[in-house]
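Breakdown of the fold
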Amino acid sequence: MSQFLREPVSSLPGLGGIKAALLQSELGIVTVGDLLQHYPYRYVDKTLIRPIREVLTHPDTALVQGVLSPFQSHGHGHKKRLVAYLRDETGTLELIWFKGGKVIEGILHPGQAYTAYGKIQRFRGKATLVHPEMELVRTAATPRDLTFDPIYSTTEGLSKKGLDTKGIRKFQRALISRITPGLVPENIPQHLLDTLRLPGRAEAIRHIHFPPSQKALEDARKRLKFEELLFLQLDLLLSKKHRNRELIGYVFEAVGEHFNRFYSEFLPFELTEAQKRVMREIRRDLGLGSQMNRLLQGDVGSGKTVVALMAMLIALDNGYQSCLVAPTEILAQQHYQSVKDLVKGMGIQVGILTGSVTGQARKLTLQYLAEGKLHFLIGTHAVLEDPVVFQQLGLAITDEQHRFGVAQRAALWKKSKPHPPHVLVMTATPIPRTLALTIYGDLDVSIIDELPPGRKPVKTELWYENKRLRLIGFMKEQIAAGRQVYIVYPLIEESASLDLLNLEEGLASLQREFQRPQYQISVVHGRMPSADKEMEMQRFLARETQIMVATTVIEVGVNIPNASVMVIENAERFGLSQLHQLRGRVGRGADQSYCILMTSGRLSEDARVRLQTMCRTNNGFEIADVDLKLRGPGDLEGTRQSGVQGLKIADLREDGAILQSARTVAAKILDADEHLEFPAHQCLKRHLRETRPHDRSWSRIS
Ligand code: ADP
Ligand code: MG
């Protein structure tokens, strides 16, 4: 490479010693390349300088230019402030600094022309710029100085050493002036740049820092985002190819007696097309001879459990055990029940292992497991513990993996010798496929994008406290019609006792409205012994109770088709995917179901978007998209490994189209030329080698 990009910043004139050290410690900038990748986060468009008079009457974010007046000090103590005025031909604007007055007086010179940028605020009835960004207007301004000025993020420490946005800009300008295509070699094949109409690398870097026009800026951004995502995708696809070559897995050749018998005699419904497609994908994986690592995404209620079961039957037909791990005791119990019911009469031994399985029961379960007498083991994290030994584990399935850490996944791997088990990870947090492939980099992705027939979309409404009476009436109507109702209270991590209070207060008032013996209420919360939880769930399932009062322990997976109303108290306190999960508990039967989001307080902007989204759509993909926009991809499980965190310019929330195109291009390149041997691909290979020198999959491709 370019030696140039790898030079330490300390080699640049004026950036030695302390400044270089600070750049490293505060911003992680070590090399010239790092500095060039410290892209501006915003630009001041100097073509948009406005007359001061206009700014005074239309307060907004303003960029003005004028001559600075002498400074005045006003007020005392904490009210002390520094005031000056900026004057152009049309008017005068007040500038105020509440802090750092001394420094400001030292660096700004009255009588000189400045541009000032900031948000106009009303201060004592007057339009004022508070803490404006000021910049001296150079008389010998080049045209570039009059267009876009880059604004860089920086820190207080760096600013003190002169590396505020202007300081950084100065160094960037000096660097940019030296850039030639020779110093910054192109890393994307020219024919791709041509077809995608993207600028070259050197030009893009120049323009991202000092764009001569809006169009040039957009092109530069697009190019750099594409570049970043292309290499991320190449990297992901290569490590996947590498893994497929390296990670030998058990071969499940036979789709045998158990599977076929279940399919023709026991399966209580016709599989949806999506379920069939996913089954084919899984069957194919299991027969390939390399280890399966597949993510199964499917909206709540899309029928993932039966797919899991059928995969387990294939394992059984090939002489292997399977386990299914759920995040909560309740869910594990429920899976256990439904799996046992589904295979009843087939002679399959199903065991359960959770924290509450103790004593002799536990001992026997472990013993049978080790002897191979148990075919399926269903449980919680307890399954991952050391004393749990399988005779021959061939398939491990985790449900609702957003509660599953990476370490736990690793623990699963160790349960099988000589090869790791095939892994199927199920989640009800659907996100677009390309994004899933990127975020869960090492997984293949299957999607169930269809609900079983006959489901009616859940009707969702946002109700304020003034509808409390109506809510009670509505619940009574539904119960009279034979339905059941969930009422969920939020769980505040910091204050479990407050939660309980919440729930208990709610419960008390419910008990006044819904009295025994006509009405029975179940209660489930996180601090109950799990045997009690289980009993309460069973009572609700058996319709002995009509109302289930709970904290979010019922969030995932629980399946009670007769329940048709989900009331969520303090709905604004729940995250979007949680709300969607909760709503997924109803709408599972043939009846019309309802989700009522109760809220009392004033809603924050985010909360309003969340609740409105819930009312607008039942589509998990749409909801996941909004969630992603609100929270960013960093919150999704698995992102830490994926390289997504290191993105400098691409934003997965917004750049879906570019991501898709990068994925397609990367796949095409590697399909044609897996080892990147074509002359046109040498630039890609060089860049990958240089930027990912430690990557295992890379070191092999010589
Ligand atoms: P989830 O994907 O949320 O885990 P489940 O596996 O719990 O969904 O399935 C939800 C309900 O739908 C269950 O009662 C299940 O028996 C039922 N179900 C699954 N697949 C089908 C199908 N193809 N046709 C009809 N009902 C189905
Ligand atoms: Mg489920």
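Procedures and definitions
- Throughout, a residue's number is its position along its own chain's written sequence, starting from 1.
- For naming, the first written chain is A and the first written ligand is 1, with later ones following in the order written.
- This being a predicted model, a pLDDT of at least 70 is required before a residue's local features are given, and a value of 80 or more before pairs of side-chain atoms are given or counted; all residues contribute to the totals for chains, interfaces and linings.
- Computation of side-chain values: all heavy atoms of the structure, hydrogens and water removed.
- Only centres within 6.5 Å qualify two rings of Phe, Tyr or Trp (six-membered ring in Trp) as a pair; their planes then separate them into stacked at under 30 degrees, edge-to-face at over 60, and tilted for everything else.
- Note on conventions: DSSP H or I runs of at least 4 residues are helices, E runs of at least 2 residues are strands, and numbering of each starts at the N terminus.
- To sort residues, take the accessible area from a 1.4 Å probe on protein chains only and compare it with the maximum for the residue type: under 20% means buried, over 50% means exposed, and anything in between is partly exposed.
- Only lysine NZ and arginine CZ atoms are considered, and such an atom sits over a ring when it is within 6 Å of the ring centre and within 35 degrees of the ring normal.
- Among buried residues, those of type Ala, Val, Leu, Ile, Met, Phe, Trp, Tyr and Cys that are joined through side-chain atoms within 4.5 Å constitute a nonpolar core.
- Two residues qualify as a contact provided that any one of their heavy atoms is within 4.5 Å of a heavy atom in the partner residue.
- Here, a strand pair is defined by DSSP locating no fewer than two bridges between the strands.
- Geometry is summarised by axes, namely lines fitted to C-alpha atoms with helices restricted to the contacting stretch, and by angles between N-to-C directions that run from 0 to 180 degrees.
- Multiply 1.5 Å by the residue count of a helix minus one, and that product is the helix's expected span.
- Think of the arc as the fan of directions from the helix axis to the C-beta atoms.
- Residue-level confidence of the predictor is summarised by pLDDT, bounded by 0 at the bottom and 100 at the top.
- Polar contacts here mean pairs of N or O atoms no more than 3.5 Å apart (in protein, one a potential hydrogen donor and the other a potential acceptor; neighbouring residues in sequence count only if both atoms are side-chain atoms).

**Overview of the packing of aromatic side chains**
What describes a pair of aromatic rings is the distance from one ring centre to the other and the angle between the planes of the rings. Tallying each qualifying case throughout the model produces eight aromatic pairs. Relative to phenylalanine 148, the ring of tyrosine 43 lies with its centre 6.5 Å away and its plane at 85 degrees, an arrangement referred to as edge-to-face. In this pair, tyrosine 43 is assigned in strand E1 (residues 42–45) and phenylalanine 148 in strand E9 (residues 148–151), connecting sequence segments 105 residues apart. Among the residues examined, tyrosine 43 registers a relative accessible area of 13% and is labelled buried. Here a set of aromatic residues connected by ring pairs shows up, and it is made of Tyr250, Phe252 and Tyr320. Against the face of phenylalanine 171 rests lysine 170, its NZ or CZ located 5.3 Å from the ring centre. The ring of phenylalanine 514 has lysine 476 sitting right over it, with the charged end atom 5.3 Å from the ring centre.

**Comments concerning the nonpolar core**
Grouped together as the largest cluster of nonpolar side chains are 58 residues, with contacts concentrated most on Phe262, Cys323, Phe376 and Leu377. A per-element tally of this core places helix H13 (residues 304–317) first, with 11 residues. Beyond its immediate chain neighbours, meaning those up to four positions away, phenylalanine 376 contacts Leu309, Met312, Leu313, Leu316, Ser322, Val339, Ile348, Gln349, Val350 and Gly351. Leu237, Leu295, Val425 and Val665 belong to the second-largest nonpolar core, a separate cluster that totals 41 residues.

**Quick notes on the sheet that holds strand E12 (residues 350–353)**
In spatial order, the strands read E12-E13-E11-E14-E15-E10-E16; together these seven strands make up an open sheet with parallel pairing. Where the open sheet ends on each side, the last strands, each with one partner, are E12 and strand E16 (444–448). On average, each strand axis in the sheet is tilted by 20 degrees relative to the strand beside it, whichever way the strands run. Sheet analysis places E12 next to strand E13 (residues 376–379), joined by four bridges and oriented parallel. Pairing of leucine 353 across the sheet is with glycine 379, part of E13. On the sheet, helix H14 (residues 329–342) packs against strand E11 (321–325), E12, E13 and strand E14 (393–399) and is oriented at approximately 175 degrees with respect to E12.

**Details of helix H18 (residues 468–480)**
In a regular helix each residue adds 1.5 Å, so 13 residues correspond to 18 Å; H18 covers 18 Å between its end C-alpha atoms and thus fits that length. Those residues of H18 that sit buried are Leu471, Ile472, Phe474, Met475, Gln478 and Ile479. In a view along the axis of H18, the buried residues occupy a sector of 165 degrees, so they form one face of it. In this structure, H18 carries Leu469, Arg470, Glu477 and Ala480 as exposed residues pointing more than 90 degrees from its buried face. One or two residues past the end of H18 sits glycine 482, with phi positive at roughly 95 degrees.

**Re the confidence of the model for the protein chain**
Detailed reading of predicted coordinates is not advised where the pLDDT is low. When pLDDT is averaged across the protein chain, the result is 87; 91% of the residues are at 70 or more. Between residues 696–702, whose pLDDT stays under 50, and residues either more than four places distant or in other chains, the model counts 18 contacts.

**A look at the environment of threonine 165**
Along the chain, threonine 165 turns up in helix H7 (residues 165–178). Here threonine 165 falls in the buried class, since its relative accessible area comes to 15%. For the pair threonine 165 and threonine 155, spaced 10 residues apart in the sequence, the C-alpha separation amounts to 9.4 Å. Leaving out residues up to four positions away in the same chain, threonine 165 has contacts with Pro150, Ile151, Tyr152 and Thr154. At 2.7 Å, the side chain of threonine 165 and the backbone nitrogen of tyrosine 152 are in polar contact.

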